Amino acid sequence: GAVVSQHPSRVICKSGTSVKIECRSLDFQATTMFWYRQFPKQSLMLMATSNEGSKATYEQGVEKDKFLINHASLTLSTLTVTSAHPEDSSFYICSARAQDGSYEQYFGPGTRLTVT
Amino acid sequence: GDSVTQMEGPVTLSEEAFLTINCTYTATGYPSLFWYVQYPGEGLQLLLKATKADDKGSNKGFEATYRKETTSFHLEKGSVQVSDSAVYFCALSEKGGSEKLVFGKGTKLTVNP
């Protein structure tokens, strides 16, 4: 149980286009999901906290107009990278928080974004 | 702000060797501490956790003890296996895991037969 999927696993896009990444909790409901970004040989950096039915909370330094987050249901959150540039190339990882009282976060396998 | 520092990798060991991956933290409050493992091609999985000082987390032969006096949470395993090859992340959370996680940079472990 407690499986989180991400789609796509890899995406290549041209500079100036937008890319949507989906994060799904497959066998549990998650009112809260988190989006992380991981640079090579760096730790995971939290970008934003996504709450179902409300606006996401962004970490300091993260542009909310560039990284649009939508959490329209208890099993799906999306991250849209708008007007992507090469510096947005990175590994994006989501997690979903269990509602069973443990508050454990379950992580997706990540999405590799390359902007050319 | 809160931060986690863990030992730089990569670490390469032979099967049945003893493993230690050091982790120290800086936090303003009393965080919960975690070790996550990421196997190739998979998402991060919680390996073990400790929520208060002197707690020992353990799982799959791995152990880590929450040491408040040294602000450390070192990961150990007495005899590693090839299947333990993965990237290990130390992390903290200020509110028992319900809030955001702060991660270390990760340590890649390779175990050779």
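Residues numbered from 1 in each chain as written. Chains lettered and ligands numbered in written order. Predicted model: local features only at pLDDT ≥ 70, side-chain atom pairs only at ≥ 80, totals over all residues. Heavy atoms only, no water.

**Comments concerning the overall build of chain B**
Phase 1: Looking only at helices and strands, chain B features zero helices and twelve strands.
Phase 2: In sequence order, chain B lays out its α and β elements as β-β-β-β-β-β-β-β-β-β-β-β.
Phase 3: The C-alpha atoms of chain B give 13 Å as radius of gyration, which agrees with the globular expectation for 113 residues (13 Å, within 12%).
Phase 4: For the C-alpha atoms alone, the extent of chain B along its principal axes is close to 40 × 25 × 20 Å.
Phase 5: The long-range fraction of contacts in chain B, counting pairs at least 24 apart against all pairs at least 6 apart in sequence, stands at 56%.
Phase 6: One way to put it: in chain B the 11 positive side-chain charges average out to a point 5 Å from where the 13 negative ones average out. (Helix = DSSP H or I, 4+ residues; strand = E, 2+ residues; numbered from the N terminus. Rg over C-alpha atoms; globule rule 2.2 N^0.38 Å. Contact = heavy atoms within 4.5 Å. Lys, Arg positive; Asp, Glu negative; His and termini not counted. Charge placed at Lys NZ, Arg CZ, Asp CG, Glu CD.)

**Description of unusual backbone geometry**
Phase 1: Of the consecutive residues histidine 7 of chain A and proline 8 of chain A, the connecting peptide bond is found in the cis state with omega at 0 degrees.
Phase 2: Checked against the element boundaries, proline 8 of chain A lands in the loop between strand 1 (4-7) and strand 2 (10-13).
Phase 3: Here the residue pair glycine 9 of chain B and proline 10 of chain B is connected by a cis peptide bond, since its omega of -5 degrees sits within 30 degrees of zero.
Phase 4: Within the fold, proline 10 of chain B resides in the loop between strand 1 (3-6) and strand 2 (11-14).
Phase 5: Non-glycine residue serine 83 of chain A carries a positive phi angle of around 45 degrees.
Phase 6: For serine 83 of chain A, the position within the fold is in the loop between strand 8 (76-81) and strand 9 (90-97).
Phase 7: Backbone geometry at threonine 71 of chain B places phi at a positive 45 degrees, although glycine is not the residue there.
Phase 8: In this structure, threonine 71 of chain B sits in the loop between strand 8 (62-65) and strand 9 (75-77).
Phase 9: On the basis of relative accessibility, which here comes to 30%, the residue threonine 71 of chain B falls in the partly exposed class. (Buried < 20%, exposed > 50% of the residue type's maximum accessible area, 1.4 Å probe, protein only.)

**Here we look at the pairing of strand 7 (residues 67-73) of chain A**
Two faces make up the sheet, and in a regular strand the side chains alternate between them.
Residue and element names in this part refer to chain A.
Phase 1: Examined bridge by bridge, strand 7 and strand 8 share five bridges and lie antiparallel to one another. Directly across from leucine 68, in strand 8, lies its bridge partner threonine 80.
Phase 2: Counting the residues that bridge the hairpin from strand 7 to strand 8 gives two residues. (Pairing = 2+ DSSP bridges.)

**As for the nonpolar core**
Across soluble globular proteins, you tend to see nonpolar side chains buried next to one another.
Phase 1: Judged by nonpolar contacts, the single largest core of 26 residues is most densely connected at Trp35, Leu47, Leu48, Phe73, Leu75 and Tyr88 of chain B.
Phase 2: Counting residues per element, this core draws most heavily on strand 10 (residues 86-93) of chain B, which supplies four residues.
Phase 3: Those residues in contact with leucine 48 of chain B that lie beyond four places of it in its chain are Leu33, Phe34, Trp35, Gly57, Ser58, Asn59, Phe62, Glu63, Ala64, Phe73 and Leu75 of chain B.
Phase 4: Ranked by size, the runner-up nonpolar core spans 25 residues in total, among them Cys13, Cys23, Phe28 and Phe67 of chain A. (Core = buried A, V, L, I, M, F, W, Y, C linked by side-chain atoms within 4.5 Å.)

**What to know about the sheet that holds strand 3 (residues 19-25) of chain A**
Residue and element names in this part refer to chain A.
Phase 1: Spatially, the four strands line up as an open sheet ordered 1-3-8-7, and their pairing is antiparallel. Only two strands of the sheet have a single partner each, and these edge strands are strand 1 and strand 7. Averaged over all pairs of adjacent strands, the angle between strand axes in this sheet comes to 15 degrees, irrespective of strand direction.
Phase 2: In the sheet, strand 3 pairs with strand 8 via six bridges, with the strands oriented antiparallel. Within strand 8, the residue paired with valine 19 across the bridge is valine 81. (Axes fitted to C-alpha atoms, helices over the stretch in contact; angles between N-to-C directions.)

**Observations concerning the interface of chain A and chain B**
Phase 1: The interface is formed by 19 residues belonging to chain A together with 17 residues belonging to chain B.
Phase 2: With both sides pooled, the region where chain A packs onto chain B buries about 1400 Å², and carbon together with sulfur makes up 55% of that total.
Phase 3: Three residues, Ser43, Leu44 and Phe107 of chain A, lead the burial of chain A against chain B; their summed loss comes to 31% of the area buried on that side.
Phase 4: Remark: the boundary between chain A and chain B carries one salt bridge.
Phase 5: Of the charged contacts in the structure, one is a salt bridge between glutamate 59 of chain A and lysine 100 of chain B, with a shortest N-O distance of 2.7 Å. (Buried area = accessible area lost by both parts, 1.4 Å probe. Salt bridge = Lys/Arg side-chain N within 4 Å of Asp/Glu carboxyl O.)

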